[in-house]
Every structure is written in structure tokens, then in C-alpha cells.
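Chain by chain, the residues:
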Amino acid sequence: MAKQKPTTQMETLTVERKTRKADDYVILYTNDTQVQTTPWDIRIIFGRIESAPNQSDPTLMVEQVGEVSMSLHHAKRVATILQGQIEAYERQVGPLVLATPEE
């Protein structure tokens, strides 16, 4: 009986992707993000800044609008995808300039 060589590459599979929106699907705008991690997952809390600090009131008021929790493996994949999208946008439009906290 002939020995089979161990397979080191995954077989290529063509996948058809179909999507549907859940009944509770939401669209959120966020301009504030907090991140918490554990050894197993990551939690991203999204918020909208309601009022910025000023001389008379140094409080930054943020309304939390939602959160997403995921495995760290999935978060790393999402980070790679986001980075690629930002790089493609900057190649087309030009660099995004980030404001420093003092601005």
C-alpha cells in the first residue's frame, strides 16, 4: 500500500457569500472609541462626543452608543482589513492627517 504524502496546503474552495440584515441591525456613527481586552477577547465601546471640555467645564461628555466584542484572532483580521482600506483610500485621495490631542 502506497503511503500518502501529508497535505500542507489547504484546498482552495470557492465560497459564495450571501448576507442579510438582522431584524435588529443598526447603523451607528462614532467619534469616540474605548478598547478593553482580556486574554480571550477584545471589547470595543463606541460613543459620540456630546460636549468637549473647555475652561469653565473640563468634562468630556460621551454618550455610549454600542459595543462590539470579538476574539482577538478576529480583531487582528479586522485590523488588517481596516489598515488595507485606509491605505487604499490614501493612495487615491492623499494622506489622512490626524489631529494631536492638543488641537
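Predicted, not measured: the structure shown is a model, and the values here were computed from it.

Caption draft 1: Representation of the sheet that holds strand E2 (residues 41-51). With antiparallel pairing, three strands are arranged side by side in an open sheet as E1-E2-E3. Here the strands that pair on one side only, and so sit at the sheet edges, are strand E1 (32-37) and strand E3 (61-71). Across the sheet, the mean angle separating the axes of adjacent strands is 20 degrees when strand polarity is ignored. Bridging between E2 and E3 involves ten bridges; their strand directions are antiparallel. Note on E3: the bridge partner recorded for Arg43 is Ser69.

Caption draft 2: Quick look at the environment of Asn31. Summarising the element assignment, Asn31 is placed in the segment before E1. Considered as a pair, Asn31 and Glu50 are 19 residues apart in the sequence and their alpha carbons are 9.9 Å apart. Apart from the residues within four sequence positions on either side, Asn31 is in contact with Gly47, Arg48 and Ile49.

Caption draft 3: Spotlight on the pattern of salt bridges. In total, this model carries two salt bridges according to the counting rule given. A salt bridge links Glu67 to Arg43, with the shortest nitrogen-to-oxygen separation between them at 2.8 Å. Of this pair, Glu67 sits in strand E3 while Arg43 is found in strand E2, placing the two residues 24 residues apart along the sequence. Two residues, Glu63 and Arg48, come together in a salt bridge whose shortest N-O distance is 3.1 Å. Highlighted residues: Glu63 in strand E3 and Arg48 in strand E2, separated in sequence by 15 residues. On the basis of relative accessibility, which here comes to 33%, the residue Glu63 falls in the partly exposed class.

Caption draft 4: Representation of helix H1 (residues 72-93) in the model. When the terminal C-alpha atoms of H1 are compared, their 31 Å separation across 22 residues agrees well with the 32 Å that a helix rising 1.5 Å per residue should span. Note on H1: the residue one or two positions beyond its end, Gly94, has a positive phi of about 120 degrees.

Rules used in this analysis
Residues numbered from 1 in each chain as written. Predicted model: local features only at pLDDT ≥ 70, side-chain atom pairs only at ≥ 80, totals over all residues. Heavy atoms only, no water. Pairing = 2+ DSSP bridges. Helix = DSSP H or I, 4+ residues; strand = E, 2+ residues; numbered from the N terminus. Axes fitted to C-alpha atoms, helices over the stretch in contact; angles between N-to-C directions. Contact = heavy atoms within 4.5 Å. Salt bridge = Lys/Arg side-chain N within 4 Å of Asp/Glu carboxyl O. Buried < 20%, exposed > 50% of the residue type's maximum accessible area, 1.4 Å probe, protein only. Expected span 1.5 Å × (residues − 1).

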